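Examination of the molecular architecture
For reference, the chains in residue letters:
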Amino acid sequence: QQQVKQSPQSLIVQKGGISIINCAYENTAFDYFPWYQQFPGKGPALLIAIRPDVSEKKEGRFTISFNKSAKQFSLHIMDSQPGDSATYFCAASRPGSARQLTFGSGTQLTVLP
Amino acid sequence: DAGVTQSPTHLIKTRGQQVTLRCSPKSGHDTVSWYQQALGQGPQFIFQYYEEEERQRGNFPDRFSGHQFPNYSSELNVNALLLGDSALYLCASSLTGTSGELFFGEGSRLTVL
């Protein structure tokens, strides 16, 4: 019930393309769904987050789509750039436990120039 | 404004030894969480400290313990090290009562031989 499943494990896209990473969760008590970006040798950094009262949130080139009935959410990176090459993690947490994140296994994104 | 700082950045221990990792939270933050990130995996929640007490704990054995000091800095102690404890240990800080964004440090890379 605590798992968050992430796919794909790795993703290669051309510069300017759209990168899509998907996550599915089991625990219906989860109410906070952030995405983190991690570069080699660095800690994860919050990219964008959503709560289940909205179906989509957009910040610049990054969009989260959320499907509560399917218990799925996804990250879309528009106009992908080589500088976006990193590992992306989805995560989820329960009410009152926003600091106890359950992370997916990560997607290594490579954007080719 | 200094972010989350961790020390040491790298260390090597042998099985059975004990290790202490240190974390200074982002200025103004009062809550510290610790995560373990195995190679190629997402971070896993170990525990969280607030007001010098352990508030939440993940699925980690008692060999993992911690402490928070009055200045909000924190230590993670691991006793009787196992080979499987080799990982990147991440500290994250946040401010209680806020929306819950976690700010991660760059981690301490522990290798157990």
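Here, every reference points to the structure presented above.
Structural notes, computed from the coordinates. Predicted model, so just to flag it, every value in this text is computed and none were measured.

About the thresholds
Residues numbered from 1 in each chain as written. Chains lettered and ligands numbered in written order. Predicted model: local features only at pLDDT ≥ 70, side-chain atom pairs only at ≥ 80, totals over all residues. Heavy atoms only, no water. Core = buried A, V, L, I, M, F, W, Y, C linked by side-chain atoms within 4.5 Å. Buried < 20%, exposed > 50% of the residue type's maximum accessible area, 1.4 Å probe, protein only. Helix = DSSP H or I, 4+ residues; strand = E, 2+ residues; numbered from the N terminus. Contact = heavy atoms within 4.5 Å. Phe/Tyr/Trp six-rings, centres within 6.5 Å; stacked < 30°, edge-to-face > 60°. Pairing = 2+ DSSP bridges. Axes fitted to C-alpha atoms, helices over the stretch in contact; angles between N-to-C directions. Buried area = accessible area lost by both parts, 1.4 Å probe. Salt bridge = Lys/Arg side-chain N within 4 Å of Asp/Glu carboxyl O.

Attention now moves to the nonpolar core. V4(A), F33(A), W35(A), F73(A), L75(A) and Y88(A) are the most contacted members of the largest nonpolar core, which totals 24 residues. Secondary structure elements with two or more residues in this core: β2 (10–14), β3 (19–25), β4 (33–38), β5 (45–50), β7 (62–67), β8 (72–77), β9 (86–92) and β11 (107–112) of chain A. With four residues, β9(A) is the single largest residue contributor to this core. With near-sequence residues (within four places) excluded, L75(A) lies in contact with S19(A), I20(A), I21(A), W35(A), L47(A), I48(A), F62(A), T63(A) and Y88(A). Core analysis: the next-biggest nonpolar cluster, separate from the first, contains 20 residues, V19(B), Y49(B), F60(B) and V112(B) among them.

We now examine the packing of aromatic side chains. Under the criterion given, the structure shown has 18 aromatic pairs over all chains. Through a chain of ring-to-ring contacts, the aromatic side chains of Y25(A), F30(A), F33(A), W35(A), F66(A) and F73(A) assemble into a single cluster.

This brings us to the sheet that holds β7(A). Residues and elements named next belong to chain A. Within the open sheet, the five strands sit side by side as β1-β3-β8-β7-β6. Their pairing is antiparallel. Each edge of the open sheet carries a strand with a single partner, namely β1 (4–7) and β6 (56–59). On average, adjacent strands in this sheet sit at an angle of 15° to one another, irrespective of strand direction. Pairing between β1 and β3: four bridges, direction antiparallel. Its bridge partner being in β3, Q6 is matched across the sheet by C23.

Right, let's talk about the interface of chain B and chain A for a bit. Listed by partner, the interface residues are 25 residues for chain B and 19 residues for chain A. Roughly 1,600 Å² is buried in total at the junction of chain B and chain A, and carbon and sulfur atoms are behind 47% of that figure. Broken down residue by residue, the surface that chain B buries against chain A is led by Q56(B), F104(B) and E106(B), which jointly contribute 27%. Taken together, the links from chain B to chain A amount to one salt bridge. The salt bridge involving E106(B) is made with K42(A); its shortest N-O contact spans 2.9 Å.

For the rest of this paragraph, the subject is the sheet that holds strand β7 (residues 64–68) of chain B. Remark on secondary structure: sheet strands pair via backbone hydrogen bonds, oriented parallel or antiparallel. Residues and elements named next belong to chain B. One open sheet accounts for four strands, arranged β1-β3-β8-β7; its pairing is antiparallel. Edge positions in the open sheet fall to β1 (5–7) and β7, since each of these has one partner strand only. The sheet shows a mean angle of 20° between the axes of neighbouring strands, direction not considered. The pairing of β7 with strand β8 (residues 74–78) spans five bridges and is classified as antiparallel. Note on β8: the bridge partner recorded for F64 is V78.

With that out of the way, let us pick up the pairing of β3(A). Residues and elements named next belong to chain A. Alternating positions in β3 separate cleanly, S19, I21, C23 and Y25 being buried on one face and I20, N22 and A24 remaining unburied on the opposite face. The pairing of β3 with β8 spans six bridges and is antiparallel. Among the inter-strand pairings, I21 is bridged to a residue of β8, identified as L75.

Once that is clear, we can look at the environment of A92(A). Residues and elements named next belong to chain A. Looking at the element boundaries, A92 is found in strand β9. The buried category is assigned to A92, whose relative accessible area is 0%. Put simply, A92 and C23 are 69 residues apart on the chain and 10.0 Å apart in space, counted from C-alpha to C-alpha.

Before going further, it helps to spend a moment on the pattern of salt bridges. Residue and element names in this part refer to chain A. Evaluated as defined, the whole model comprises eight salt bridges over all chains. Two residues, D31 and R51, come together in a salt bridge whose shortest N-O distance is 3.8 Å. Taken together, the residues span a long stretch of sequence, with D31 in the loop between β3 and β4 and R51 in the loop between β5 and β6 at a distance of 20 residues. In this structure, E59 engages K57 in a salt bridge whose closest nitrogen and oxygen atoms are separated by 3.6 Å.

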